[in-house]
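# Report on the structure
Take a look at the letters that make up each chain.
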Amino acid sequence: MLIKLTGGKIYDPANGVDGEVRDIFIQDGRIVTPSPDAKIDHEYPVHGRVIMAGGIDPHSHIGGGKMTIARMMLPEDHIGNEFARTDLTRAGVGHAIPSTMTAGYRYAEMGYTAAFEPAMLPANARQAHMELADTAIIDKGAFAMLGSDDFFLRQLAGKADFSAIKDYIAWTMHATQALAVKVVNPGGISAFKFNQRKLDLDEKHTFYGVTPRDIILNLARGLQELGVVHPIHIHGCNLGVPGGVETTLATINGAEGLPIHLTHIQFHSYDTEGDMKFSSGAARVADAVNDNKNVSIDVGQVMFGQTCTASGDSMRQFVNTKSATPKKWVVMDIECDAGCGVIPFKYRDKSFVNALQWAIGLELFLLVKDPWRLFLTTDHPNGGPFTCYPHLIRLLMDKSFRQEAMQMINQDALKYSSLGSLDREYSLYEIAIMTRAGPARSLGLKDRGHLGVGACADITVYDDNPDREAMFATPELLFKNGELIVRNGKIIKVVNGATHVARPAYDAKIEKQLSSYFESYNTMRLENFRVSDDEIRNDGRGSLIIQPTGARVA
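What counts and how
- Going along each chain's sequence as written, the residues are numbered from 1 onward.
- Since the coordinates come from a predicted model, pLDDT governs what is reported: local features require at least 70, and pairs of side-chain atoms require 80 or more to be given and counted, while whole-chain, interface and lining totals use all residues.
- With hydrogens and water set aside, each side-chain value is computed from the structure's full complement of heavy atoms.
- Only residues whose relative accessible area exceeds 30% and that take part in no salt bridge are eligible for patches, with like-charged residues grouped when within 9 Å of each other and nonpolar side chains (Val, Leu, Ile, Met, Phe, Trp, Tyr) grouped when within 5 Å.
- In short, Shrake-Rupley with a 1.4 Å probe defines the accessible areas, and a residue's cover is counted only from the protein chains shown.
- Salt bridges are counted wherever a side-chain nitrogen of Lys or Arg sits within 4 Å of a carboxyl oxygen of Asp or Glu.
- Helix and strand labels come from DSSP, where a helix needs a run of H or I of at least four residues and a strand needs a run of E of at least two; each type is numbered from the N terminus.
- We treat two strands as partners when DSSP finds at least two bridges between them.
- Here, axes are lines fitted to C-alpha atoms. For helices the fit covers the stretch in contact, and angles between N-to-C directions go from 0 to 180 degrees.
- Note on contacts: a residue pair is in contact if any heavy atoms of the two residues lie within 4.5 Å.
- Roughly parallel covers angles under 35 degrees, roughly antiparallel covers those over 145, roughly perpendicular covers 65 to 115, and oblique covers all other angles.
- Crossing handedness is read from the near helix: turned anticlockwise from the far helix by less than a right angle, it gives a left-handed crossing, and turned clockwise, a right-handed one.
- Any residue outside Ala, Val, Leu, Ile, Met, Phe, Trp, Tyr, Cys, Pro, Asp, Glu, Lys and Arg is labelled polar, Gly included; the first ten of those are nonpolar and the last four are charged.
- To pair, rings of Phe, Tyr and Trp, with the six-membered ring standing in for Trp, must have centres within 6.5 Å; the planes then decide the type, stacked if under 30 degrees apart, edge-to-face if over 60, and tilted in the middle.
- Think of it as a cone above the ring: NZ of Lys or CZ of Arg counts as a charge over the ring if it is within 6 Å of the ring centre and within 35 degrees of the ring normal.
- Buried residues are those whose accessible area, probed at 1.4 Å on protein chains only, stays under 20% of the maximum for their type, while exposed residues exceed 50% and partly exposed ones sit between those limits.
- Two N or O atoms count as a polar contact when they lie within 3.5 Å, although within protein this holds only if one can serve as hydrogen donor and the other as acceptor, and sequence-adjacent residues are included solely when both atoms are side-chain atoms.
- The span expected for a helix works out to 1.5 Å for each residue beyond the first.
- Counting rule for disulfides: a pair of cysteine sulfur atoms within 2.5 Å.

## Things to note about a nonpolar patch on the surface
Together, Leu88, Ile492 and Val494 line one region of the surface with nonpolar side chains, adding up to about 210 Å² of accessible area. On the secondary structure map, Leu88 appears in the loop between β7 (82-83) and β8 (92-93).

## Some words on the sheet that holds strand β17 (residues 305-311)
What the three strands build is an open sheet, ordered β17-β19-β18; its pairing is antiparallel. Looking at strand neighbours, the two that pair on one side only are β17 and β18 (330-334), the edges of this open sheet. Strand-to-strand twist in this sheet, taken as the mean axis angle between neighbours without regard to direction, amounts to 15 degrees. Across the sheet, helix α1 (residues 65-73) lies against β17, β18 and β19 (338-347), angled at about 45 degrees from β19, the strand it touches most.

## Regarding the packing of helix α9 (residues 282-291) against helix α11 (residues 352-367)
Orientation of α9 relative to α11, taken along the N-to-C sense of each, is 30 degrees, at an axis distance of 9 Å. With respect to each other, α9 and α11 are oriented roughly parallel. Note that α9 runs across α11; the crossing there is right-handed. Contact residues: α9 offers Ala282, Ala283, Val285, Ala286 and Asn290, while α11 offers Ile360, Glu363, Leu364 and Leu367. For the contact of α9 with α11, a count of residues per class yields seven nonpolar, one polar and one charged.

## A short note on the packing of aromatic side chains
A complete count under the given rule lists 21 aromatic pairs for this structure. Within the aromatic cluster, the residues linked to one another by ring pairs are Phe151, Tyr168, Trp171, Tyr517, Phe518, Tyr521 and Phe529. Taking NZ or CZ as reference, Arg106 lies 4.5 Å from the ring centre of Phe83, over its face. In this structure, Arg441 packs its charged tip against the face of Trp372, placed 3.9 Å from the ring centre.

## So, the pattern of salt bridges
Opposite charge on two side chains allows them to pair when their charged atoms are near. By the definition in use, this model includes 39 salt bridges. Where Arg448 meets Asp139, a salt bridge forms, and the shortest distance between an N and an O atom there is 3.0 Å. On the criterion of sequence distance, the pair formed by Arg448 in the loop between α15 (428-443) and β21 (459-462) and Asp139 in strand β10 (residues 139-145) is long-range, its members being 309 residues apart. Considered together, Arg448 and Asp139 belong to a single accessibility category, that of buried residues.

## So, the packing of helix α5 (residues 162-176) against helix α7 (residues 212-226)
Relative placement of two packed helices is described by the angle separating their axes and the distance separating the axes. Here α5 crosses α7 at 75 degrees, and the two axes come no closer than 10 Å. In terms of axis orientation, α5 runs roughly perpendicular to α7. Facing α5, whose interface residues are Phe162, Ile165, Lys166, Ile169, Ala170 and Met173, α7 presents Asn218, Leu219, Arg221, Gly222, Leu223, Glu225 and Leu226. Across the contact of α5 with α7, the residue classes break down as eight nonpolar, two polar and three charged.

## Examining the environment of Phe401
Here Phe401 lies in helix α13 (residues 399-407). Filtering out sequence-adjacent residues up to four positions away, Phe401 remains in contact with His391, Arg394, Leu395 and Glu469.

## Some details on the side chain of Thr248
In this fold, Thr248 is placed in helix α8 (residues 244-253). Setting aside residues up to four positions removed in sequence, Thr248 forms contacts with Leu262, Ile265, His268 and Val285.

## Here we look at the environment of Arg106
With respect to the element layout, Arg106 can be found in helix α2 (residues 100-109). Distance from Arg106 to Phe278, taken between C-alpha atoms, is 35 Å for residues 172 residues apart in sequence. Sequence-distant contacts of Arg106, that is, excluding residues within four places in its chain, are made with Phe83, Phe386 and Thr387. Reaching out from Arg106, the side chain makes a polar contact with the side chain of Glu109 at a distance of 2.8 Å.

## A short note on α7
An ideal rise of 1.5 Å per residue puts 21 Å on 15 residues; α7 measures up with 21 Å between its terminal C-alpha atoms. When α7 is considered as a whole, its buried residues turn out to be Pro212, Ile215, Ile216, Leu217, Asn218, Leu219, Ala220, Gly222, Leu223, Glu225 and Leu226. Immediately downstream of α7, the backbone of Gly227 shows phi near 80 degrees, a positive value.

## Here we look at the pairing of strand β22 (residues 477-480)
Taking every second residue as pointing to the same face, both faces of β22 are buried, with Leu477 and Phe479 on one and Leu478 and Lys480 on the other. With three bridges connecting them, β21 and β22 associate as antiparallel partners. Looking at the pairing, Val461 lines up with Leu477 of β22. Here β22 hands over to strand β23 (residues 483-487) after two residues, with Asn481 in that stretch at a positive phi of 50 degrees.

## Some details on the side chain of Asn290
Here Asn290 is to be found in helix α9. Under the relative-accessibility criterion, Asn290 is labelled buried at 10%. Within the local environment of Asn290, its side chain forms a polar contact with the backbone nitrogen of Lys369, the two atoms lying 2.9 Å apart.

## Here we look at α2
At 3.6 residues per turn, the α-helix brings residues three or four places apart onto the same side. Buried residues dominate α2, accounting for ten of its ten residues. Within α2, the full set of buried residues consists of Thr100, Met101, Thr102, Ala103, Gly104, Tyr105, Arg106, Tyr107, Ala108 and Glu109. Looking one or two residues beyond α2, the residue adopting positive phi is Gly111, at roughly 90 degrees.

## Brief notes about the state of the cysteines
Scanning the entire structure with this criterion turns up zero disulfides. In this model Cys308 remains outside any disulfide bridge; the closest cysteine sulfur is found in Cys340, 10 Å from its own. Here Cys388 stays unpaired: no disulfide links it, and the sulfur of Cys308, its closest cysteine neighbor, is 14 Å away. Judged by its relative accessible area of 17%, Cys388 falls in the buried class.

So, in structure tokens, the structure goes:
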């Protein structure tokens, strides 16, 4: 079937198209150029509408053990957010931490077609993928956590041959069906179990004798030499700590030119000026990002209201337990290889700290010049639920709306931020970069995030509403793989999304050493650790897309 979208305004930054009126043709799930005499089977007149590729969220906690804990721990999040079963959709619950299928529905209703779980513990990969498989409609993928991995830390401590370290990184990505690799408070989750309560960038782990800087540089170099497209995804040291901006700047300046991605950087941009010893370091961080082309970031914007923080950073989450709202929390070890902390939290606009966090995030958006290296996230659900994205987009595109919002928050907080002096308003082209083209390029999704010939026909059609929040909250049409899935913000068909993985090369000899390690220290055998392709495909419910990697450097 040949489908034509006629007369829309196309925003396709990957191909340099900025609001040009063009037609788009879809055939067999792909964007095509038909022959001149081709018969159009179905035409959608979309004159005056805004056309973008499907949205891509590169950092959203939607699967894995911590989300299961959060869903079970917070029945409060279910109440008033119940969604009854329909002829098409399954029942679900949740606002800040929606149930799996509901999360997929909400993403699709906003025009998103992919989201990526950024914190998959290798030992917990099977459960994470099962939850992701249940997340309806959208494509997904996951980043394997290695920063506090016992075998990896033993390799560093023992000064293993770097080729063997690369073999282990690549083997882990294969075994866990991962697209990328992440560190969370590198070494800190492990150090917490040895009674360390902080771990700075150049502070040694008391048992392994390695530093977070060692961990970051080895993984950054390893991924680069393995040809993995997405650089090491870094949740750095000292998250949420006043003065943590110094660690962030040291991480950027110490990267030795290696590609790195700093995630939810808003939580790592706090300075210590003023009576409260808490101020914005956003301008310093933005300058560093602007000056270092090897660095990309996502913001982790704070949005006001109730949410739930869920992180593998058990060291920092333990500190935050006193702020739990409501008063309950979980901080736990996972398989002696990682941990997690789940703490409900309410961001208040009259709170000095919360208002300043909100302002710092917006400052970062407005001060970082290159949208190709800056992605729109709330670190769902840590800064706020992903369903806040339309409101956040309006804050970035509409200065008057932003100024009105600033009048509603703690005014003392604004004294320690430059937000009031910033006039920038994002264009639709820049929004398309931050929410589509940029994440796709960073993650190595060759045929996603753009509307060129050969691209997967994940396409969102918006009414060009001057109220950008309303516009991005309710797309008129969403196509997934060329099929019409959403009309006027309502799901009209449910499909299963694919799982994106990357498979860099490794020497299989590493498995002999790993087999012995698993027998000695783990609770499962090596052969049971691997997540198979068949488990992802699950009798046709899911599918795998293997994204290309570059050639391995020996």
